[in-house]
Amino acid sequence: MTLKIENTVFARLETEGRLTHPIIKEEISPGRFGFRGEIALKFQTSMADEKRPPELSIWQAFVTTKEGSSSFEVFMCYLLSFEYLQLTMEVLGEFFKPGGKYFIYSNNQDLLCKYRIPMGDVTFYCLPIGEATAYNEFLELLFIDKNDIKKLNTAGKMDYITEKALEFDADWEVISYEEGLKRMGPVRNPNENRPV
């Protein structure tokens, strides 16, 4: 039996229409479900029947869960501003549990700084993002050579990366969310310096 989204923690998010622009949204190995895409945090008010794009989304999300689990196993994403971590917790907080591996790439974090941010009883690894995608930065963080996974399909790659992420540990500076807000710089326009 293939693991269906309605039998995972993604069910509520799917019902609420929060899982958008999926690259993959399926069982990636027996008993493990993965989603890569965007997760809507805040919706615009729709007029009549028109469907508007979300007002605010988590970008480049990479999220996995196990069958029967009530939490995300691995969660990685790109946030335009570090402050959105609070809203992420408001919308998705029930899915974060101690022992999960949770990574945030933040647009306005100093490129030389990496932090661990406790949010309730879970900890987020918070990293800056350079010119690369969060996905490529994540591979680098986990010491995954693209050649190691190039023969795998999308699901296989996701499964492989998840296993590596579960082994990850780092003793970066621990700071509070409030301290993080103080240290963050202005949000950079992610489209500047990009060839058109």
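Residues numbered from 1 in each chain as written. Predicted model: local features only at pLDDT ≥ 70, side-chain atom pairs only at ≥ 80, totals over all residues. Heavy atoms only, no water.

### Some remarks on the environment of L142
Here is the rule we go by: Put simply, DSSP H or I for four residues or longer makes a helix, DSSP E for two residues or longer makes a strand, and each gets a number counted from the N terminus. Only protein chains enter the calculation, and the probe is 1.4 Å; a residue is then buried if its accessible area is under 20% of its type maximum, exposed if over 50%, and partly exposed in between.
Looking at the secondary structure, you find L142 in the loop between α3 (134-141) and α4 (146-149). Among the residues examined, L142 registers a relative accessible area of 8% and is labelled buried. Separated by 25 residues in sequence, L142 and E167 place their C-alpha atoms 8.9 Å apart.

### A look at the sheet that holds strand β6 (residues 115-119)
Short version of the rule: Paired strands, in this sense, are two strands between which DSSP finds at least two bridges. Residues count as neighbours in contact if any of their non-hydrogen atoms are within 4.5 Å of one another. Axis angles are defined between N-to-C directions and span 0 to 180 degrees, where every axis is a line fitted to C-alpha atoms and, for a helix, only to the segment in contact.
Read from one edge of the open sheet, eight strands run β1-β2-β3-β4-β5-β7-β6-β8, paired in mixed fashion. Unpaired on one side and paired on the other, β1 (19-29) and β8 (173-174) mark the two borders of the sheet. Pairing of strand β4 (residues 74-79) with strand β5 (residues 101-106) involves six bridges; the strand directions are parallel. Bridge pairing links L79 to S106 in β5. In the packing of α3 onto the sheet, contacts are made with β2 (32-42), β3 (56-66), β4, β5 and β7 (122-128), and the angle to β5 comes to roughly 125°.

### Considering the packing of aromatic side chains
Cut-off, in case you're wondering: Between rings of Phe, Tyr and Trp, where Trp is taken as its six-membered ring, a pair exists when centres lie within 6.5 Å; planes separated by under 30 degrees are stacked, by over 60 edge-to-face, and by other angles tilted. Charge-over-ring contacts are defined here by two conditions on Lys NZ or Arg CZ: a distance within 6 Å of the ring centre and an angle within 35 degrees of the ring normal.
Taken as a whole and judged by the stated rule, the model has 19 aromatic pairs. Where Y125 meets W172, the ring centres are 5.5 Å apart and the plane angle is 80°; that geometry is what we call edge-to-face. Taken together, the residues span a long stretch of sequence, with Y125 in strand β7 and W172 in the loop between α5 (154-167) and β8 at a distance of 47 residues. A network of ring pairs unites the aromatic residues F10, F33, F35, F72, F75, F95, F96, Y102 and F124 as a single cluster. Between R36 and the ring centre of Y135, over which it is positioned, the NZ or CZ distance is 4.0 Å.

### Focus: the pairing of β4
Operational definition: A right-handed crossover is one whose linking path, passing over the helix from the first strand to the second, runs clockwise when the strands point away from the viewer.
Judged by how many residues are buried, β4 sits mostly within the fold: six of six residues are covered. Neither face of β4 is exposed, since V74, M76 and Y78 on one face and F75, C77 and L79 on the opposite face are all buried. The parallel pair β4 and β5 is bridged by helix α2 (residues 84-92), and the resulting crossover is right-handed.

### Observations concerning the pattern of salt bridges
For clarity, the cut-off: A carboxyl oxygen of Asp or Glu within 4 Å of a side-chain nitrogen of Lys or Arg is what we treat as a salt bridge.
Evaluation of the coordinates by the stated rule reveals 10 salt bridges. In this structure, the salt-bridge partner of E16 is R18, at a minimum N-O distance of 2.7 Å. Judged by relative accessible area, which is 34%, E16 ranks as partly exposed. By relative accessible area, R18 is classed as buried at 12%. Measuring nitrogen to oxygen at the nearest pair gives 2.6 Å for the salt bridge that ties R32 to D159. Here R32, found in strand β2, pairs with D159, found in helix α5; they are 127 residues apart in sequence, far enough to count as distant.

### So, unusual backbone geometry
Notably, H21 is not glycine yet its phi reads approximately 50°, a positive angle. Here F143, not a glycine, exhibits a phi torsion of approximately 55°, which is positive. Inspection of the secondary structure assignment puts F143 in the loop between α3 and α4. Classification of F143 as exposed rests on a relative accessible area of 77%.

Nothing here speaks to function; it is all geometry.
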